[in-house]
Structures are given as structure tokens and as C-alpha cells.
Amino acid sequence: MSFLDIENATKSYGAARVLNETNISVEEGEFLVLVGPSGCGKSTLLNMIAGLETVTSGEIRIRGKRMNEVKPAERNIAMVFQSYALYPNMTVRGNISFGMEMQGVPKPEREKKIAEVADLLQIKPFLDRKPGQLSGGQRQRVAMGRALTRDPDLFLFDEPLSNLDAKLRVDMRTEIKKLHQKLGTTIVYVTHDQIEALTLSTRIAVMFGGDVQQLGTPDEIYNNPVNMFVAGFMGSPSMNLLAATLRQGADGMEVELARPDASKVRLPFSAATTQADLSDMDGREVVFGIRPEALTDSEGATPASQAIHYADILVDVVEPAGSDTFVTVTLGGKDAIGRLRANAKAVAGKTFTFAFDMEKAMLFDPETQQRIA
Amino acid sequence: MSTATRSNPWGRLALYLVLGLFCIYYLTPLYVMLINSFKPLGEITSGGMVALPQDWTSEPWQKAWSEAQVGVEATGLRPYFINSFLMVIPAVAITTILGALNGYVLTKWSFRGSTLIFGFILFGCFIPFQVVLIPMARTLGLLGLAGSVPGLVFVHVVYGISFSTLYFRNYYTSFPTELVRAAQIDGAGFFTIFWRIMLPSSGPIAVVCVIWLFTNIWNDFLFGASFSDFDSQPMTVALNNLVQSSTGVKEYNVHFAGAIIAALPTLLVYVVAGRFFVRGLMSGSVKG
């Protein structure tokens, strides 16, 4: 039994199933992020935890207690909505105290709690303003303040940052993380932004098409994706997924990628790279996955890697981005992006020697999309 | 594109002239009513309809208000004026609240078939008054409300609900559902959410609804004439009786005064709440 158990939970609207059997266990104090593209079922799952949507089958438990039939107000949860959902007719103070009022908390205690929360989130100067008079970031703080007053078992966040501008989003992200570290409350957080997922979470559930594709720590999700969807969704720029063929080389298996001029690049994919047994896969079509930071220039390659391999490839486009330079090449019939150091000497239209960090490379089955190695 | 151009002063003048003419055109009837209500009857019958009174008098107003022969007794319009208020205030309040409640349920607690039910409610907007006269008379009789002010309130509530539901449903459609959900998590129940969150945010549409209902119910003649008794007649019916009374001379000055008294409340409601009216009708069309 964990703090929050989601056991075989499903959701259907009539005949349409939006969430397939889902099993997630969250320990106390964890920060779980549900991430995925829109329509993947992440918000539905969050609403089911909140009690705003019914559970079609399966069970949701908080502290071991079945929650399926419990009203939202009695689950001891607090939720922060994407639109903040501040009551427009009440002042900030009214918004924060409304929940406590509904729970029958006596007035002096409410005042004390409001002062506490206002201090924590620095919203004291606008306690008596209406939400309409606040900026996006301030509203966001008030929405969190309202959630905080409840001392909930569980915090639920539904894309809380997606209405903010880019800079504020980064600031608020840090604040949410600070808040979690300070309070240690269990959080379930929904977002479609994979950066938010990686930076905030202690664990991530990547969702797609009503299924949890992979559940793991940010490190596992990023470095060991189980399938092509997770590999492609997490990370920015996303992982290069290139058509390739496995070949038997002199020292074990090699990955063969086609250059635009039909010549081949061969990269060893052997014991140093993977534990998987590829010995009988000669000639097999695979998808070769490599992240941009593992496709770099020779000085940029991490010295710790046991398996750096070099290849000359024609450069199509060079995009200097300040701290890094992104280079696009054509490999295996698709665009591949490499991330070089800012001062790398790549020039569009000329060949450049790329360093492939094969320790970070992966192979996927093009049919099932699952990871092979 | 040209920047702000200085317009031709003659064009301006012509514009104001035309506008002024139209104003006079529209205000003439009101002017005639007003000045004649302050004249002794003799001045009207001697042919000076448009002239200002030579002898100002408030007697016609007094007469219309408290002395004129309207029904059996010479009570003036006063009791009927009170009847109208006794009818219109509860009718407007009940209809508005019920409409808001309907709109709230239809948008935020929608259930299987709620669109169909809304369709049926809307249907009520298109039923002509005359069609329901006889069935309604029977219903009022069965309910024991025939010929009473509560009976009239009932009729107007039944007729008004379609409109008030339409107004509030459309207004609440654009009201963020997340607010209702947030309130649910905060622990507010169905009615608490309605009273504390929905209604306080419904100002503009409530004003539209109140003006619409108030004007319609106050000005209604057909239901008033059909379903009321001598002691429950609304203002409109009484005014008709005053003007139509066949005994003695026609006291035009009293009729004018009575007509103005009858029109005052709707005028007042519009002046007080009118600026919200346009705002309410426009709400939702513009972001903000």
C-alpha cells in the first residue's frame, strides 16, 4: 500500500474509452508528473483523483482508503487549475478563505491561516483586491495560496503554468519546486511541457493514447525510454530517430545509416554500448535513436564515454543559439539534429566530423516501436 | 488612411438639425401628454392641445391618482398601481431566480437529455398568449388562484421562465466550469455554489432579465384583463377602465395624467438600470 494508489483505473464516456487500465503508486512526499500530448488522458486521470470525474472501473485509494465514491471536498485534496479558477466576485482574501469557510473553520483561525499563506507566497499587498486586478503571476500565487490553506494530503496541479508567459513560467516553476521542498506534500502535476516534467518531478508518468507509456524517475525516462514515443516526446530538441540496418561487423554488431549520397555510415554497437544480445540480428531493419547532445563535435563529446565513434557527414543547416550551435544533417533519409559547442567549425554545405556517443544511443523496433537495445 | 479630418462645419450643422428634428418628432407625444395633464379640462376642450397651460393645475394628477371613478368606487388608480407592484415584484424575482437556477443546472450540471429539455423550455418563448388563456383559466381555477394577485404572479412566472432560462443558460455557457469545480473541491454544495459563486457573477444578465420581465409584466394587459377580479386588477386594466368609462364627460387631462403614472415605473427601471442593459446584451461578445 502506498500513499496514493491508482489500481486498474479506467475511464469511458459511453463507448469511447479515454483511459485504459492504469496502475500508479505514489509514495508520500513524491512529486509525480503526468505528461503527454493533449488528449492522452492525463487531465482525466487527475480529475478522477480529484473526484471531479467518476472512475469507470478500478480503484483509487488515498492512504489506503477507497476514494471512488468519496466527494471531492472530503478527499482532503487541493487543486490548482489551469485558469486559476479564482472566484471573480470575491477578494483575494475571500478566495483563500472560502474553502476554510466551507469546512467550518472558525474565523480567527482562518485569519491566521490567511496571514501565514500570504507571507509564504508574498501576496499580502493585494489581499483586498479582486482577481481581475491581478497579473497572471499574482493570480497563480493566489490559486496556490487557496490550495495551501487546506493542509491537504495531496496537491493536484492541472497545467498551472501554461497561461503564463515564458519568463514567468520559469520563475513559477522554481517556486513550485521550492514549495514542494519546503512543505514536502505529495503532488500530482499534469503538464504537456516535458521540460516542466523533467525539472519538477521525482517521478514521471508519460502518457499517450490513454495509456501510461512509461513510469519512472526523470533520469530513467530521459536516458532509458522504453519506446519510441517516450524517446521522441521527452527532450528538446527531441531525440533523432533514424532508419538504420544492423550489420555484423568485425568486432560485433554495427549500425548502418545511409548518407544522402547513398554511401553508408557504420557505427559499432557492441558490448560497451548495450547488454542486449544482438548477435542474430544481422540485416535487421531498426530505428536508431540518438539525442542531439550525443551527436556532437569531437571536443564536445563527453570524455567519460567508452564508445565515441566518428563519422564525416555533410552539414545542411547551421543554427547558432548562443550557448550551443545546432546542426542539421540528413541521415537515414531524415533530418538529424546535432548539438555542437558554440564555437564548433561546422559550415553549411561542407562535411564535418561528428562524434557519436554510442553509450547514449538506442535501437527501436520499427514495427512495435519498442526498445530493442 | 487619412488621419482625423476636420469635418465641414455646415455638414455638422445639418446633422444636428436633422437629429434635433427627430428628437422633437419623438418627444411631441410625451410633451402633449405632460402639458395637458397640467391643464384644466376647459382649456383642452376649447382646442388648445399643443399650447402650454394658461392655468397650471395638479388637480388632474390628484384625480387620476386617488379620486377618479375606475371601478365601482371612486378610488383613482392608486389601488391598482399597488396591485401591479404586488404582482410584478414577486413575479420578476421568482422568474429571475428560477431562470438562473435552470441556466446553472443546464450548463454546469448537465445530464443526459438536458439539451432536449432546454429545447422544450425554449419552446415556451414562442407560444402566443392567446393560446393559453382558456387552459390557464382552468388551471388557475383548480389551483384556487383565479382572480387573485398570486394567480397573476403564477401566470407571469410560467410565461417568463422560458426567457429567463434562455438568458441565463447562454450567459452561464461562457462561465468557466473550472470555477464550479474549484468550489466543489473547496467543499461547496449545489446551492452554495449557486448563491455564492454563480449569482454574484451574474449582474449584467440579471439586469437584462429584470428589465425585460419588469417591462413585459408591468405592461401586460391580456392576462391582467383575463385573470383578475375587481380587487386584483393591475394598472393597465385600470387605466383602460378609466379611459373607457362612459359616464359623464371624458376628462382628457385625467387620462393623460393616469397614462403617465402607468408608464413611470418602467421608465424609472430603464433609467436606473438601462446602462447595464446594453452591457449585459453585449457581454460575451467581446473579451474582457
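Refer to the structure presented above.
Residues numbered from 1 in each chain as written. Chains lettered and ligands numbered in written order. Predicted model: local features only at pLDDT ≥ 70, side-chain atom pairs only at ≥ 80, totals over all residues. Heavy atoms only, no water.

Residue and element names in this part refer to chain A. The terminal C-alpha atoms of helix α5 (residues 166-183) lie 26 Å apart, and with 18 residues this matches the ideal 26 Å at 1.5 Å per residue to within 8%. Buried within α5 are the following residues: M172, R173, I176, L179 and H180. Angularly, the buried residues of α5 cover 125° about the axis, an arc narrow enough to put them on a single face. For α5, the exposed residues lying more than 90 degrees away from the buried face are K167, K178, Q181 and K182. Where the residues of α5 are buried, they touch β3 (31-35), α3 (107-121), α4 (136-148), β7 (154-158), β8 (186-191) and α6 (194-200). Looking one or two residues beyond α5, the residue adopting positive phi is G184, at roughly 70°. (Helix = DSSP H or I, 4+ residues; strand = E, 2+ residues; numbered from the N terminus. Expected span 1.5 Å × (residues − 1). Buried < 20%, exposed > 50% of the residue type's maximum accessible area, 1.4 Å probe, protein only. Arc of directions from axis to C-beta. Contact = heavy atoms within 4.5 Å.)

A few words now on the interface of chain A and chain B. In this complex, chain A contributes 26 residues to the contact, which on the side of chain B involves 15 residues. Buried surface at the junction of chain A and chain B, both sides included, amounts to about 1700 Å², of which 60% is carbon and sulfur. On inspection of chain A and its partner chain B, the count reaches 2 salt bridges. Among the salt bridges present, the one from R181 of chain B reaches E53 of chain A, with a minimum N-O distance of 3.8 Å. Applying the counting criterion to the chain A and chain B interface returns 6 residue pairs in polar contact (both at pLDDT 80 or more). Going through the elements one at a time, α1 (42-50), β6 (77-80) and α2 (92-102) of chain A are the ones with two or more residues in the side of chain A that touches chain B. The element contributing the most residues to the side of chain A that touches chain B is α2 of chain A, with 4 residues. Residue composition of the side of chain A that touches chain B, by class: 16 nonpolar, 6 polar and 4 charged. (Buried area = accessible area lost by both parts, 1.4 Å probe. Salt bridge = Lys/Arg side-chain N within 4 Å of Asp/Glu carboxyl O. Polar contact = N/O pair within 3.5 Å; in protein donor to acceptor, adjacent residues only side chain to side chain. Nonpolar A, V, L, I, M, F, W, Y, C, P; charged D, E, K, R; others polar.)

Everything listed here is a matter of geometry and, on its own, says nothing about what the molecule does.
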